Amino acid sequence: MRVIGIDPGTRHLGWGILERVGSRVEHIAHGVIDTPEKDTIAARLVVIDDALATVIEHHRPSAAAVEAIFYAKDAQAAAKLGHARGVVLLRLARAGLPMHEYPPARVKRAVAGNGMATKEQVQATIMQMLRLAEAPRLDASDALANAFAHLAMAPFEEAMARMGVALAPRGRATRRRPTHR
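Cut-offs used in this document
- Residues numbered from 1 in each chain as written.
- Predicted model: local features only at pLDDT ≥ 70, side-chain atom pairs only at ≥ 80, totals over all residues.
- Heavy atoms only, no water.
- Pairing = 2+ DSSP bridges.
- Helix = DSSP H or I, 4+ residues; strand = E, 2+ residues; numbered from the N terminus.
- Axes fitted to C-alpha atoms, helices over the stretch in contact; angles between N-to-C directions.
- Contact = heavy atoms within 4.5 Å.
- Core = buried A, V, L, I, M, F, W, Y, C linked by side-chain atoms within 4.5 Å.
- Buried < 20%, exposed > 50% of the residue type's maximum accessible area, 1.4 Å probe, protein only.
- Left-handed = near helix turned anticlockwise from the far one by under 90°.
- Parallel < 35°, antiparallel > 145°, perpendicular 65-115°, else oblique.
- Nonpolar A, V, L, I, M, F, W, Y, C, P; charged D, E, K, R; others polar.

**Student:** Please clarify how the sheet that holds strand S2 (residues 12-21) should be interpreted in this entry.
**Tutor:** Judged by pairing direction, the sheet is mixed, and its 5 strands sit side by side in the order S3-S2-S1-S4-S5 without closing on themselves. Looking at which strands have only one partner, the edges of the open sheet turn out to be strand S3 (24-34) and strand S5 (99-102). Going from strand to strand, the sheet's axes swing by 20° on average, the running direction of each strand aside.

Pasting the structure below:
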């Protein structure tokens, strides 16, 4: 399974590609899509879409993990983040990738063992786990953390789905009700 993790942003969008090979997780690539600060939000979204399309085409992931929306104190920042997420979700859908969303605290818990870990702690843990020679930029390390969290949780989620149990966004299990027609 090859997963693209994405940390959405309109100025800096992090992406990371990880692959599960047997029981190991291997680093494939990572980077940050930077957009010009002087550009309009619409122009930035075009840059994000074009660059993300190139990354997907080049690395051919089989699934995607995106940071879920969280509540921000700054409404304008939250709206801009929503624009970036919309472009990301549309690009992933057009690529036909199954998409999974994980709340930031769940990703931090999967990677650093603490849902309140700082970005720097996540970065250091990702660097060590993936045996990277250099620390990725914070946006890229968050994206790699999203991909890692999906690879860590996917086998459990698949097993639960086979048993007819759906996981709610925060990890709570709920029984699926049979549909009668």
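**Student:** For this particular structure, what's the right way to read the environment of Val107?
**Tutor:** Looking at the secondary structure, you find Val107 in helix H3 (residues 104-112). With 38 residues separating them in the primary sequence, Val107 and Ala145 have C-alpha atoms 6.4 Å apart. Those residues in contact with Val107, other than ones at most four positions away along the chain, are Tyr102, Ala145, Asn146 and Ala149.

**Student:** Sorry, what's going on with the nonpolar core here?
**Tutor:** As a rule of thumb, soluble globular proteins bury nonpolar side chains together. Within the largest apolar cluster, 20 residues are counted, with the highest numbers of intra-cluster contacts made by Leu18, Val111, Ile126 and Leu130. Those elements giving two or more residues to this core turn out to be strand S4 (63-67), H3, helix H4 (119-129) and helix H5 (138-162). Looking at this core element by element, the count peaks at 7 residues for H5. Setting aside residues up to four positions removed in sequence, Leu130 forms contacts with Leu18, Val25, His27 and Leu144.

**Student:** What is the right way to look at the packing of helix H1 (residues 41-59) against helix H2 (residues 75-94) in this model?
**Tutor:** Packed helices, taken two at a time, are described by the angle between their axes plus the distance between the axes. Close contact between H1 and H2 brings their axes to 10 Å; oriented N to C, the two are set at 35°. Of the two elements, H1 crosses H2, and the hand of that crossing is right-handed. Residues Ile41, Leu45, Ile48, Asp49, Leu52, Ala53 and Ile56 of H1 touch H2, and the partners they reach there are Lys80, His83, Ala84, Val87, Val88, Arg91 and Leu92.

**Student:** Any chance you could explain unusual backbone geometry here in plain terms?
**Tutor:** With the exception of glycine, the majority of residues adopt a negative phi angle, and the majority of peptide bonds are in the trans configuration. Residue Arg60 is not a glycine yet carries a positive backbone phi of 50°. One non-glycine residue, Arg131, lies in positive phi territory at about 55°.

**Student:** Please clarify how the packing of H3 against H4 should be interpreted in this entry.
**Tutor:** Put simply, H3 and H4 touch, their axes get as near as 9 Å, and they point 45° apart. Judged on the interaxial angle alone, H4 and H3 are oblique. Where H3 crosses over H4, the handedness of that crossing is left-handed. For the pair H3 and H4, the contacting residues are Lys108, Val111 and Ala112 in the first and Val122, Thr125, Ile126 and Met129 in the second. Here the residues of the contact of H3 with H4 are counted per class, giving 5 nonpolar, 1 polar and 1 charged.

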